[in-house]
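Observations on the model geometry
Here's the letter readout for the chains.
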There are 2 protein chains.
Amino acid sequence: MSDEPRETVVRATCRALCAHGYANLTMQDIADETDLSKAALHYHYDTKRDLLTTFLDSLASWYEGRLDELPGADAAERLHALFDECLSAEDDEADYPAFHTAMLEVKAQAPYEEAYRERLTAVDDVVRSRIETLIETGIEEGVFRDVDPEATASFVVDVIVGAYTRNVAVGHPLEETRALLDAYVDDHLMAQGREGGEGDPRREAAE
Amino acid sequence: MSDEPRETVVRATCRALCAHGYANLTMQDIADETDLSKAALHYHYDTKRDLLTTFLDSLASWYEGRLDELPGADAAERLHALFDECLSAEDDEADYPAFHTAMLEVKAQAPYEEAYRERLTAVDDVVRSRIETLIETGIEEGVFRDVDPEATASFVVDVIVGAYTRNVAVGHPLEETRALLDAYVDDHLMAQGREGGEGDPRREAAE
C-alpha cells in the first residue's frame, strides 16, 4: 500500500475511534470512514489491532514532526510552545474529547497488547526526549537553572499525561494544568534574573 | 443489605475487576468471588454498573480514611506519607498492576457513565483537598513557602494520576515519579532553611 492510502486509513481509524470508542470499534466502522470495502481493508490489515497499531505508529511520527519545529527565541519559549502542542484543548480536525477518551481506552489495553505498548512508549519517548533536549539547551543558553534534564522532563510528562486522564475521568480543565505548567517553568526552571524567574525585576514590580 | 455484606460485595467486585478487567466483567464473575448466587447478587444490584458504582463509593471512603491519619511530625512529613499511600507499587491485598489497569478502563468510561464520573470526582477531590490542607498547614507552620495551596495541590494530583497512566500504558516505574515528587516538595515547597530546602546546610554539605 502506498503512503497516501495508508494516510487515508490512519485518518479513518482515528475518526472511527473517536466516533465509537475502542471497545466497540469494528473493522466495518473503519471501512465506513473510507471509500474502501471491508474486504479491501482486510486485504491490507488482518485485524482491528493491526489498524490501531498503524494509527499509533503514525501518531508517534505526527508528534515528532510537530515537536521538531517549535517556535520561540529561546528554549523557554519553545518549551511553552510545546505545552501549546501537547495540552491544547482544541484542534481543527479531531474531535478532541472523544479522541482522548478513546486514547485512554487504548492505554488501558497496553498491558494486554504489546504492539500498543511499544507504540505508546514511542509517543511517550518522543515527548519526553523533546522536553529533555529543550531543558538541556536552556541550561546551555543560561535561560534555565542547572536542573536534571532527564528527571525534570519525565516529571513534566507525568503532569501532561495526568492532565488528560483527569480531563477524561473527572472533567478537569486542560487549561488549568497548562497554566500550572507555565508557572512551574517560570518559577522553578528559569535562571535567576531571567523573565518570569524569581529575580526578574518586571515580575517583582508586578507583584 | 447490612454493612458487612456490602463490604464483601465491594471486595468481590474489586477482585473480579482485577481478574477480568472492566470491559469483560460480568455479574457472574463478581458472584463467583462471593458465596452468593448470581440471583442473590441481582436481588441487591441490578447491573454491573450498580456494583461498580458501589465499589467506587467505597474507594472514595477508603482514601478518605487512609489520608486522614497520615504519620509525620509536620505537614512536610505528612505530605511525603501521603505519597507513600498514593504512589505505592505494592499492597498486601490487591493485585496492583491489574487494579490500576482496570481503574484506567473505568476512567475511560466516565464520559459515558455519569455515576462513575461522580465517584471518580469524589476520589479526585479527597486526594486533592487533603494535599491542599497539608500545604495550607505547612505554610502556617512555616515549613512550606507561601505557594498557592489549591493550584499546587492540583498540580501534584496531575503528577500522581499521570504516574499511574504512564505505569499502565508504557510501564513507567511508579518509584521514579515518587522520587520526583519528593524532590519537588524538597526543592520547591520547603521554606528556606528547612530540611531539604535550598538553604538546608545538611543538603548543601551533601552536594
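Residues numbered from 1 in each chain as written. Chains lettered and ligands numbered in written order. Predicted model: local features only at pLDDT ≥ 70, side-chain atom pairs only at ≥ 80, totals over all residues. Heavy atoms only, no water.

Further remarks concern the side chain of Glu113 of chain A. Residue and element names in this part refer to chain A. Counting through the fold element by element, Glu113 comes out in the loop between α6 (96-109) and α7 (114-141). Residue classification places Glu113 among the buried residues on the basis of a relative accessible area of 15%. A polar contact is formed between the side chain of Glu113 and the side chain of Arg49, at a distance of 2.6 Å. (Helix = DSSP H or I, 4+ residues; strand = E, 2+ residues; numbered from the N terminus. Buried < 20%, exposed > 50% of the residue type's maximum accessible area, 1.4 Å probe, protein only. Polar contact = N/O pair within 3.5 Å; in protein donor to acceptor, adjacent residues only side chain to side chain.)

Moving on: the pattern of salt bridges. Where charged atoms from two side chains of opposite charge approach closely, those side chains can pair. All told, the structure shown has 28 salt bridges over all chains when counted by the stated rule. With a closest N to O distance of 2.9 Å, Arg11 of chain B and Glu7 of chain B form a salt bridge. Taken together, the residues Arg11 of chain B and Glu7 of chain B, both in helix α1 (residues 3-20) and 4 residues apart, mark about one turn of the helix. The salt bridge partner of Arg178 of chain B is Asp84 of chain B, with a shortest N-O separation of 2.2 Å. Of this pair, Arg178 of chain B sits in helix α9 (residues 174-189) while Asp84 of chain B sits in helix α5 (residues 75-86), and the two are 94 residues apart along the sequence. Ionic contacts of the salt-bridge type, sharing partners, join the residues Asp57, Glu118 and Arg119 of chain A into one network. (Salt bridge = Lys/Arg side-chain N within 4 Å of Asp/Glu carboxyl O.)

Below, the discussion takes up helix α7 (residues 114-141) of chain B. One turn of an α-helix holds 3.6 residues; hence residues three or four places apart share an orientation. Helix length check: α7 of chain B (28 residues) gives 40 Å between terminal C-alpha atoms against 40 Å at 1.5 Å per residue, within 8%. Phi for Gly142 of chain B, located one or two positions after α7 of chain B, is positive at around 80°. (Expected span 1.5 Å × (residues − 1).)

Glancing now at the relation of the copies chain B and chain A. Placing chain B over chain A gives an RMSD of 0.0 Å and needs a rotation angle of 180°, together with 0.0 Å of translation along the axis. Viewed as a symmetry operation, the transformation between the two copies matches a two-fold axis. Residue Gly162 of chain B of chain B places its C-alpha closer to the rotation axis than any other residue of that unit, at 1.7 Å. Looking at chain B, 100% of its interface residues are interface residues in chain A too, so the copies touch through the same face. (Least-squares fit on C-alpha atoms with pLDDT ≥ 70 in both. Contact = heavy atoms within 4.5 Å.)

Right, let's get into the packing of α7 of chain A against helix α8 (residues 149-170) of chain B. At a closest axis distance of 8 Å, the pairing of α7 of chain A and α8 of chain B adopts a crossing angle of 135°. Taken together, the axis directions place α7 of chain A and α8 of chain B in an arrangement best described as oblique. Each of Arg117, Leu120, Thr121, Asp124 and Arg128 of chain A in α7 of chain A lies in contact with α8 of chain B, whose residues at this interface are Arg166, Asn167, Val168, Ala169 and Val170 of chain B. Among the residues making up the contact of α7 of chain A with α8 of chain B, the classes are represented as 4 nonpolar, 2 polar and 4 charged. (Axes fitted to C-alpha atoms, helices over the stretch in contact; angles between N-to-C directions. Parallel < 35°, antiparallel > 145°, perpendicular 65-115°, else oblique. Nonpolar A, V, L, I, M, F, W, Y, C, P; charged D, E, K, R; others polar.)

Here we take up the nonpolar core. If you look at the biggest cluster of nonpolar residues, it comprises 132 residues, and the most contacted ones within it are Ile131 and Phe144 of chain A together with Ile131 and Phe144 of chain B. Once you skip the residues sitting within four places of it in the chain, Phe144 of chain A turns out to touch Ala75, Ala76, Leu79, Leu134, Ile135, Gly138, Ile139, Val185, Leu189, Met190 and Ala191 of chain A. Residues Ala108 and Val168 of chain A together with Leu104 and Ala108 of chain B belong to the second largest nonpolar core, which totals 6 residues. (Core = buried A, V, L, I, M, F, W, Y, C linked by side-chain atoms within 4.5 Å.)

Let us look at the side chain of Arg119 of chain A. Turning to its location among the elements, Arg119 of chain A is positioned in helix α7. Ignoring anything within four residues of it in the chain, the contact list for Arg119 of chain A reads Thr53, Leu56 and Asp57 of chain A.

Taken together, the 39 residues of chain B in the interface contact 39 residues of chain A. In this structure, the connection of chain B to chain A is made through 4 salt bridges. The closest approach of N and O atoms between Asp158 of chain B and Arg166 of chain A, which form a salt bridge, is 3.0 Å. Counting the contacts that link chain B with chain A gives 16 residue pairs in polar contact (both at pLDDT 80 or more). Breaking the side of chain B that touches chain A down by element, the ones donating at least two residues are α6 (96-109), α7, α8 and α9 of chain B. Looking at the side of chain B that touches chain A element by element, the count peaks at 15 residues for α8 of chain B.

On to the environment of Val168 of chain A. Looking at the secondary structure, you find Val168 of chain A in helix α8 (residues 149-170). Judged by relative accessible area, Val168 of chain A falls into the buried class, the value being 4%. Note: C-alpha distance between Val168 of chain A and Met103 of chain A (65 residues apart in sequence) is 9.9 Å. Beyond its immediate stretch of four places on either side in the chain, Val168 of chain A contacts His100, Thr101 and Leu104 of chain A together with Lys107, Ala108, Ala110, Pro111 and Arg117 of chain B.

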